[in-house]
Amino acid sequence: QDLLKIIFNFTKSKNIKLYIVGGILRDMILKREKENLDIDFCVKSKAITLGRELAKMLRAGFVILDKEHGACRLVKSLKHKTCTLDFTDFRGKTLMEDLGHRDFTINTLALELGNIFNGHNLDALLIDPYQARRDLNSRVIKIVNKNAFDEDPLRILRAFSLACVFNFRIEPETLRFVKLKKKKLSGVSFERIRDELFKIFHQPDAFAYLVKMDKLSLLNIIMPELKAMRNLRQGPYHHLDVWKHSLETVRQLEGLIAELKNNSEISSYL
């Protein structure tokens, strides 16, 4: 709150209305704590200028993420934690238009920064035009609009990483658009694909989501090397082809990790 107060006082002095959006509000509702804070802000315009000025004042690291669309990032060390602050311009003329261009309904919450400090019930002040709280309660992943995957095809993978992290289900209409738009994934950078895959691998049930993604042929698109493993028979001691054997290895490893989690020597070594 101390950091947010500094940011609010600065924007207030500049007569700038700043909003907290997305993941941090979602995580607050889910009562989900993260080791390092990651806060997204949006502003009507000139987010990069605002971010650069705040970085100097806060003595934080600063990088431009997307000059064309007005996005930047600040990285600030706070005691034993690192806080990442992203600032972006509205993707549209208004906040409502901006929220309409976000990936999934559960990430469309917004809150005017100043409302954090006025003592009112935050839940009542949340801006929720796409019923994010309803979908959080229903534990469902749902695209905000039918063009979501056209605007950023990586969202196809993010649907699965979010479902895996939160143990949510992807609603049928969103899955229909996954099937329609999946070929667009081939144009996404490897670095961004890697980040979403690692979120899945970090969870204890990655195997189940790899299988779901495989049934939709997503893995063939992001890892075409897998095609050579399919239907490739092995020696007489194997009952699976190379690909299914590799999937089974993930499943067995997850079971082993769960079984040995209380073994201090092995946990320390790993």
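See above for the structure.
So, how was this worked out
Residues numbered from 1 in each chain as written. Predicted model: local features only at pLDDT ≥ 70, side-chain atom pairs only at ≥ 80, totals over all residues. Heavy atoms only, no water. Core = buried A, V, L, I, M, F, W, Y, C linked by side-chain atoms within 4.5 Å. Buried < 20%, exposed > 50% of the residue type's maximum accessible area, 1.4 Å probe, protein only. Helix = DSSP H or I, 4+ residues; strand = E, 2+ residues; numbered from the N terminus. Contact = heavy atoms within 4.5 Å. Phe/Tyr/Trp six-rings, centres within 6.5 Å; stacked < 30°, edge-to-face > 60°. Lys NZ or Arg CZ within 6 Å of the ring centre and 35° of its normal. Pairing = 2+ DSSP bridges. Salt bridge = Lys/Arg side-chain N within 4 Å of Asp/Glu carboxyl O.

A. Representation of the nonpolar core in the model. One finds F41, L85 and F87 to be the most contacted residues of the largest nonpolar core, which totals 66 residues. A total of eight residues in this core trace back to one element, the largest contributor, which is helix α8 (residues 155-166). Setting aside residues no more than four positions away along its own chain, F87 makes contact with L18, F41, A47, L50, L54, G70, A71, C72 and L74. One finds V21, C42, L95 and A110 within the second-largest nonpolar core, a separate group that totals eight residues.

B. Here's a closer look at the packing of aromatic side chains. All chains considered together, the criterion is met by three aromatic pairs. Between Y19 and F90, the aromatic rings sit 6.2 Å apart at their centres with planes inclined by 40 degrees, giving tilted as the arrangement. Of this pair, Y19 sits in strand β1 (residues 19-21) while F90 sits in the loop between β5 (81-89) and α4 (95-100), and the two are 71 residues apart along the sequence. F90 shares its class with Y19; the two are buried. An angle of 40 degrees between the planes, with centres 5.6 Å apart, marks the rings of F166 and F168 as tilted. There is no split in this pair, since F166 and F168 are both buried. Directly above the ring of Y209 sits K212, whose terminal nitrogen or CZ lies 4.4 Å from the centroid.

C. Geometry of the pairing of β5. The pairing of strand β2 (residues 38-43) with β5 spans six bridges and is parallel. In the sheet register, C42 faces β5, and the bridge partner there is T88. Where strand β4 (residues 71-78) meets β5, eight bridges bridge the pair, whose relative direction is antiparallel. Looking at the pairing, C72 lines up with F87 of β5. The antiparallel pairing of β4 with β5 creates a hairpin that spans two residues between the two strands, and K79 there sits at a positive phi of about 55 degrees.

D. The arrangement of unusual backbone geometry in detail. The phi dihedral of R59 falls on the positive side, at around 55 degrees, and the residue is not glycine. Within the fold, R59 resides in the loop between α3 (47-58) and β3 (61-66). Backbone geometry places Q131, a non-glycine residue, at a positive phi of 55 degrees. Looking at the element boundaries, Q131 is found in the loop between α5 (122-125) and α6 (132-138). Judged by its relative accessible area of 41%, Q131 is partly exposed.

E. The pattern of salt bridges, seen in detail. Taken as a whole and judged by the stated rule, the model has 19 salt bridges. For K184, the salt bridge is made with D150, and the minimal N-O distance between the two is 3.6 Å. On the criterion of sequence distance, the pair formed by K184 in the loop between α9 (172-181) and α10 (190-201) and D150 in helix α7 (residues 148-151) is long-range, its members being 34 residues apart. According to the relative accessible area criterion, D150 is partly exposed, its value standing at 30%. Between R251 and E248 there is a salt bridge, with the nearest N and O atoms lying 2.7 Å from each other. Taken as a pair, R251 and E248 lie in helix α13 (residues 242-260) at a separation of three residues, close to a single helical turn.

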